[in-house]
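Residue-level structural notes
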Amino acid sequence: MSVQPADIAYIQIFPPIGIARLGDSGFDLSTGKSDGDIDWFLPSEIPGTEDMPADLNGRFRDAKNRIKRQAVRFRVYAYRSDGTILGEITSGNSTGYTITWSVHVANHKASYYEFYGQDRLRGGLRNPDVQPLLSPEKRSDLIVDSEVHTVPTPLPRVELTGSFHGSQQNAVTVHLGEIRTDEQGRLIFIGGAGYSCSVAKPGVPHFQPDIISEFDSIDWVDDTCDGWVDVTVTYANLSFTALQKSTVLSAPPKFAWGIPSPTTMYDLIADIYHKKTGWEDHEHTQFYQDIWPVMHGAYALSWVNREAYDGHGVCGRGNFLTMKDELATPGPTTEATRLLREHIFNRLQLPDYGDKDQASTKYMPRLSGNDGDALEPGQPLSEGEPIKRFATVTKLQYEHFVKWKNGTFLADPAPWSKYNSFDEVPTPLQPLFLTRAALEHTVGEPLYPGIEVHWTARETEMYIFNAPTTDPPFRFNHEKFPPGHICRGLSLPWQSDFDQCNTHWWPSARPDDVINIRDFASEKVVSVDKFVKDIAPKRRQWTRGLRDTPDFPTEYYPGSTDMVQHWQKLGFVAKVPEIVIGGYKLPVWVENERMHIEEKPVFQLPF
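Residues numbered from 1 in each chain as written. Predicted model: local features only at pLDDT ≥ 70, side-chain atom pairs only at ≥ 80, totals over all residues. Heavy atoms only, no water.

Digging into the packing of aromatic side chains
Our working definition: For this analysis, a ring pair means two rings from Phe, Tyr or Trp (six-membered ring only for Trp) whose centres lie within 6.5 Å, classed as stacked if their planes differ by under 30 degrees, edge-to-face if by over 60, and tilted for the remaining angles. Only protein chains enter the accessibility calculation, which uses a 1.4 Å probe; a residue whose area is less than 20% of its type maximum is buried, one above 50% is exposed, and one in between is partly exposed. Only runs of H or I of at least four residues qualify as helices and only runs of E of at least two qualify as strands under DSSP, and these elements are numbered from the N terminus. Only lysine NZ and arginine CZ atoms are considered, and such an atom sits over a ring when it is within 6 Å of the ring centre and within 35 degrees of the ring normal.
In the structure shown here, the tally under the stated rule is 35 aromatic pairs. Aromatic pair Tyr112 and Tyr113: ring centres 5.2 Å apart, planes at 70°, arrangement edge-to-face. Looking at Tyr112, the relative accessible area reads 5%, which means it is buried. Here Tyr113 falls in the partly exposed class, since its relative accessible area comes to 22%. Ring centres of Tyr448 and Trp505 lie 5.5 Å apart, and the angle between their planes is 15°; on these two criteria the pair is classed as stacked. Of this pair, Tyr448 sits in the loop between helix 7 (430–439) and helix 8 (494–500) while Trp505 sits in the loop between helix 8 and strand 20 (513–514), and the two are 57 residues apart along the sequence. Residues Tyr448 and Trp505 agree in their burial class; the two are buried. An aromatic cluster is present here, built from Phe41, Phe60, Phe255, Trp257, Trp494, Phe498, Trp542, Trp567 and Phe572 joined pairwise through their rings. When the ring centre of Phe465 is taken as origin, the NZ or CZ atom of Lys276, which lies over that ring, is 5.6 Å away. Here the basic side chain of Arg475 rests over the ring of Phe14, its NZ or CZ set 4.9 Å away from the ring centre.

In structure tokens, the structure reads:
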């Protein structure tokens, strides 16, 4: 027994925020019913991992070509009263500990306000004819709630379900996921199947009519959810309950694996805690922790977004991978390196929209912002604050770039680069690794309304700020915001957003355009000329086969309708073995495992 019960002052759960992702494995989307065992996988718990998780065995799909569900695993750690970590607590006869988990998740999307940017008061309620006089959190006919499940370990499997009425008298059952434990008593949360339907026709149990609303479909329900995880550990007559709950979010699949967003949820929340308390996960500016993820990510995004390819791709002038050694050299250096650093830095968008004159595609990152689609070159400035239509890095990220530009940074290897498995990681580093690994594959900017979490995650009041240790204190305040609140403002159903945010929004999760593995070169060495002439032109729309949704104001969303019905057939983008292009050894991300989608007629205007 590595942790002595008498030494324990309190316990905490890590990661503090865990991400599960939808997948139709074990589910028949054509009937809306479970039809077998779920095939699921756990992502790496070590940050900085780009390769496909080992659990996948090289495939995102199961034996029936359905999408495996990404699960999340929660662990319990014990601490002394001074905040010193003692170690992980596991259960079983050999340890003497008994672990009891509690989980509560819900989906409040249908009960919330219509999406209207970040001003909910300008929009009415979703489903305005159902319990219209009640506040969103009390519109029970529109809430799917699993209620609290408290279960001791070992736990084979517990299904999490809730009821949804919508406008109908009789409710339908919605499956939000399931929980189980591993042999050590750690909790594993597996999300839903990605199933969305309308209850408008009670005689039709699998009703998926045309989508006629941008984000707020009436009488629709999906199986995304959010909520909390709690734990109690007992040993003989001693009992400890987690000091703070953890959060679980069940989100859409990540179709571009190993490609990060310039600002992740980890960056977003780290910035919030830094502004409020001064918290940072390391001292000084470190190139391979603070700078390189953004630069390398710009190159990785080039495989799923054409604009990123033009600027930062294999042949782009901003392919930072070809200049890494120069960029990673700290201190006073050559005049050329100084000018290069300044040039790159001067292209960064100021954080918190600090310069209204930067409402231009000249500044990076070139992604849409928190107030709508980014303006295209030559497009006139709109009303309001057009600068907010461009994404920015956080203030903390920007401060690191300032120090990098001035040469006052370190280039030590990232602390996770030396470990191949989580079992090798020293105990004091494990909470940080779990926190960062869980969030670095998420989107923290822009949140309009968001992928894994709603834009309200930007607000300070969402969090708890009394963490007793230096371990990541990333805790949502579940006393103030119960299950279902964190993601209630996201698109309903989730597929609508996944369809419409199809250009410079979230290519790290939902690709814009890709190169299929069949169109990529099989050679290990490729010349720049060959790449430009023979490979790059083979980029194709990721959603090819699905209809486009018109840009003009409409109540017709054919692409969203197709996304509801065919999302599970889309391809996954993952890294393949590096090849030499133009003399540089470069990583490559290509699309694979795409299923056939029968194309429908393209929508034509009636005039």
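Focus: the pattern of salt bridges
Formally: By salt bridge we mean one thing: a side-chain nitrogen of Lys or Arg within 4 Å of a carboxyl oxygen of Asp or Glu.
Enumeration over the complete set of coordinates arrives at 34 salt bridges. Its salt-bridge partner being Arg186, residue Asp182 comes within 3.7 Å of it at the nearest N-O pair. Exposure class is identical for Asp182 and Arg186. Each is buried. Asp352 is the salt-bridge partner of Lys275, the closest N and O atoms lying 3.5 Å from each other.

Description of the side chain of Arg180
Condition: Whenever a nitrogen or oxygen atom comes within 3.5 Å of another N or O atom, the pair is scored as a polar contact, on the condition that within protein one atom can donate a hydrogen and the other can accept it, and that pairs from neighbouring residues in sequence are kept only if both atoms are in side chains. Only heavy atoms matter for contacts: two residues are in contact if any of them lie within 4.5 Å across the pair.
Mapping Arg180 onto the fold places it in strand 13 (residues 172–181). Of the residues examined, Arg180 reaches a relative accessible area of 19% and is grouped as buried. Among the polar contacts made by the side chain of Arg180, one reaches the side chain of Glu178 at a distance of 2.3 Å. Those residues within four positions of Arg180 in sequence are excluded, and the remaining contacts are Trp40, Leu155, Pro156, Arg157, Arg186, Leu187, Ile188 and Ile190.

Quick look at helix 1 (residues 265–277)
Counted only if it meets this: Multiplying 1.5 Å by the helix residue count minus one yields the expected span of that helix.
Between the first and last C-alpha of helix 1 there are 18 Å, a value that for 13 residues agrees with the 18 Å anticipated at 1.5 Å per step. Burial analysis of helix 1 places ten of its 13 residues in the buried class, which makes it a mostly covered element. Taken together, the buried positions of helix 1 are occupied by Met265, Tyr266, Asp267, Leu268, Ile269, Ala270, Asp271, Ile272, Tyr273 and His274. For helix 1, the N-terminal capping position is held by Thr264, with its side-chain oxygen 3.2 Å away from the main-chain nitrogen of Tyr266.

Details of the side chain of Thr90
Following the sequence through the fold, Thr90 ends up in the loop between strand 8 (85–89) and strand 9 (98–107). Beyond its immediate chain neighbours, meaning those up to four positions away, Thr90 contacts Thr95, Tyr97, Ile99, Gln184 and Arg186.

Observations regarding the environment of Arg338
Along the chain, Arg338 turns up in helix 5 (residues 335–345). Of note is the side chain of Arg338, whose polar atom sits 2.3 Å from the side chain of Glu335. Separated by 2.8 Å, the side chains of Arg338 and Glu342 make a polar contact.

Things to note about helix 7
For helix 7, the buried fraction is high: ten of the ten residues fall into the buried class. All of the buried residues along helix 7 are Gln430, Pro431, Leu432, Phe433, Leu434, Thr435, Arg436, Ala437, Ala438 and Leu439. Its buried side turned inward, helix 7 meets strand 1 (10–14), strand 2 (17–21), strand 7 (72–79), strand 8, helix 1 and helix 2 (287–301).

Some thoughts on the confidence of the model for the protein
One rule of thumb: low pLDDT means the predicted coordinates there are not for detailed reading. Stated precisely, the cut-off is as follows: Predictor confidence is given residue by residue as pLDDT, running from a minimum of 0 to a maximum of 100.
Per-chain confidence: the protein averages 93 in pLDDT, with 96% of residues scoring 70 or above. Low confidence marks residues 602–607, where pLDDT is under 50. Its contacts with residues over four positions away, or in another chain, come to four contacts.

Focus: the sheet that holds strand 21 (residues 525–526)
Applied cut-off: Between any two strands, pairing holds if DSSP finds at least two bridges.
Taking strand neighbours across the sheet as the criterion, the three strands line up as 21-23-24 in an open arrangement whose pairing is mixed. Among the strands making up the open sheet, the edge pair consists of strand 21 and strand 24 (584–592). Pairing analysis gives two bridges linking strand 21 to strand 23 (residues 572–581), with the strands arranged parallel. If you follow Val525 over to strand 23, its bridge partner there is Val580.

A closer look at the nonpolar core
Put simply, the test is: Residues belong to one nonpolar core when they are buried, are Ala, Val, Leu, Ile, Met, Phe, Trp, Tyr or Cys, and are joined through side-chain atoms within 4.5 Å.
Formed by 118 residues in total, the largest nonpolar core has its most connected members in Ile11, Phe189 and Phe531. If you tally residues by element for this core, the top one is helix 2, at nine residues. Those residues in contact with Ile11 that sit more than four places away from it in its chain are Val76, Tyr77, Ala78, Ile89, Val231, Val233, Phe240, Thr241, Ala242 and Leu243. By size, the runner-up hydrophobic cluster in this structure holds 26 residues, among which are Ile19, Tyr273, Leu439 and Phe476.

Quick word on the packing of helix 1 against helix 7
Convention followed: Interaxial angles span 0 to 180 degrees and are taken between N-to-C directions of axes, which are lines fitted to C-alpha atoms, for helices over the stretch in contact. Under this scheme an angle from 65 to 115 degrees is roughly perpendicular, one under 35 degrees roughly parallel, and one over 145 degrees roughly antiparallel; angles in between are oblique. Note that Gly is not counted as nonpolar here; it falls among the polar residues with everything else outside the nonpolar set of Ala, Val, Leu, Ile, Met, Phe, Trp, Tyr, Cys and Pro and the charged set of Asp, Glu, Lys and Arg.
Viewed as axis vectors pointing N to C, helix 1 and helix 7 meet at an angle of 125°, and their least axial separation amounts to 7 Å. Relative to helix 7, the element helix 1 is oriented oblique. Contacts between helix 1 and helix 7 involve Met265, Tyr266 and Ile269 from the former and Leu432, Thr435, Arg436 and Leu439 from the latter. In the contact of helix 1 with helix 7, the residues fall into five nonpolar, one polar and one charged.

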